[in-house]
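Each chain is listed here by its residues.
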Amino acid sequence: MTTRLYLEDAYLREFEAEVQESAGGACTLSRTAFFPGGGGQPPDRGALAMGGEGGETLPVAAVHEDDAGRIWHAVGRELAPGQRVRGILDWPWRYALMRHHGLMHVVNTVAREAFGGIITGVQLGADRSRIDFRLPSFAREQIGELEARVNAVIERGLRVTSAIIGEEEFRARPELVRTLNVLPPVVDGRVRIVELEGFDAQACGGTHVHSTEEIGRARVARFDNKGKDNKRFYWELTG
Ligand SMILES: [Zn+2]
């Protein structure tokens with residue numbers, strides 16, 4: 001099984017690993033900091049470097065997880081099992097996604113607590129993230145209030161932490177599940193919970209900033225009212 005370094009340390013940009021399998025121009029590694037995509041967060045990008053100083057560097061064009069839980073790094077050619085590689089993340093891309101990911105936790109909690117919204121979908125982007133709600137009573141005139149509430153939470157500089165809980169505790173706390181159409185990340189009877197200190201906890205397998213302060217200021221770039229069961233917001237970070 002691949003060790004998922006991004007779950008332990010979302011700020012890890014480079015790592016050493018060994019190639020395990022190679023097929024179809026992609027490889028699995030003994031350990032990886034590359035997030036394979038999931039829960040609305042796109043996969044990481046970056047490179048694998050080989051042979052130390054001046055060695056060859058292969059761009060990682062795509063990363064995905066297969067049904068067996070293996071994480072594949074598409075590098076365009078076969079690599080020998082046992083080959084030592086150095087993984088290097090496209091950090092500006094990943095860090096932007098971490099800020100947007102933290103923002104989406106704040107937005108979905110504020111929408112739920114202040115407006116009775118239920119999140120139905122999310123797609124993170126490095127520039128702009130989309131989030132959908134079942135939010136019957138929300139009107140365009142309330143966007144300013146939503147933005148102000150979201151930014152007030154961000155400015156509190158809440159610590160963001162993660163913990164693993166058992167499936168039984170998870171089932172007993174239905175408030176931990178937010179998305180109606182994304183399966184909760186239960187692996188071997190354990191679930192990862194991401195907490196914004198004293199504000200919110202929810203099941204999530206993605207990567208986040210350490211503090212809400214790192215998110216910066218947020219604004220709604222676009223709002224589409226697609227009826228009471230579908231309010232779509234596009235969020236941007238301005239600072
Ligand atoms: Zn998350």
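Just so we're clear, the structure is a prediction, and the values are computed from it rather than from any experiment.

**Q** Help me understand the pairing of strand 9 (residues 84–89) in this model?
**A** In summary, the side chains of a regular strand alternate between the two faces of the sheet. Taking every second residue as pointing to the same face, the buried face of strand 9 carries Val-85, Gly-87 and Leu-89, while none of Arg-84, Arg-86 and Ile-88 on the other face is buried. Bridge count between strand 2 (residues 14–23) and strand 9: 5 bridges; the pairing is antiparallel. Bridge assignment links Phe-15 to a residue of strand 9, and that residue is Gly-87. Where strand 5 (residues 46–49) and strand 9 come together, 4 bridges link them in antiparallel fashion.

**Q** Looking at this model, I keep getting lost on the sheet that holds strand 17 (residues 231–237). Mind explaining?
**A** By definition, the strands of a sheet pair up through backbone hydrogen bonds, in either a parallel or an antiparallel sense. The 4 strands lie next to each other as 10-11-17-16, forming an open sheet whose pairing is antiparallel. The open sheet has two edge strands, strand 10 (118–123) and strand 16 (218–225), and neither has a second partner. Within this sheet the neighbouring strands show an average axis-to-axis angle of 25 degrees, counted without direction.

**Q** I keep staring at the sheet that holds strand 2 and nothing clicks. Help me out?
**A** Overall, antiparallel pairing links the 7 strands, which are arranged 6-5-9-2-3-8-7 in an open sheet. If you trace the sheet from one side to the other, it starts and ends with strand 6 (57–60) and strand 7 (62–65), each paired once. When strand polarity is set aside, the average angle formed by the axes of neighbouring strands in this sheet is 40 degrees.

Rules used throughout
- Residues numbered from 1 in each chain as written.
- Predicted model: local features only at pLDDT ≥ 70, side-chain atom pairs only at ≥ 80, totals over all residues.
- Buried ≥ 20, exposed ≤ 12 C-beta atoms within 10 Å, placed from the backbone.
- Helix = DSSP H or I, 4+ residues; strand = E, 2+ residues; numbered from the N terminus.
- Pairing = 2+ DSSP bridges.
- Axes fitted to C-alpha atoms, helices over the stretch in contact; angles between N-to-C directions.

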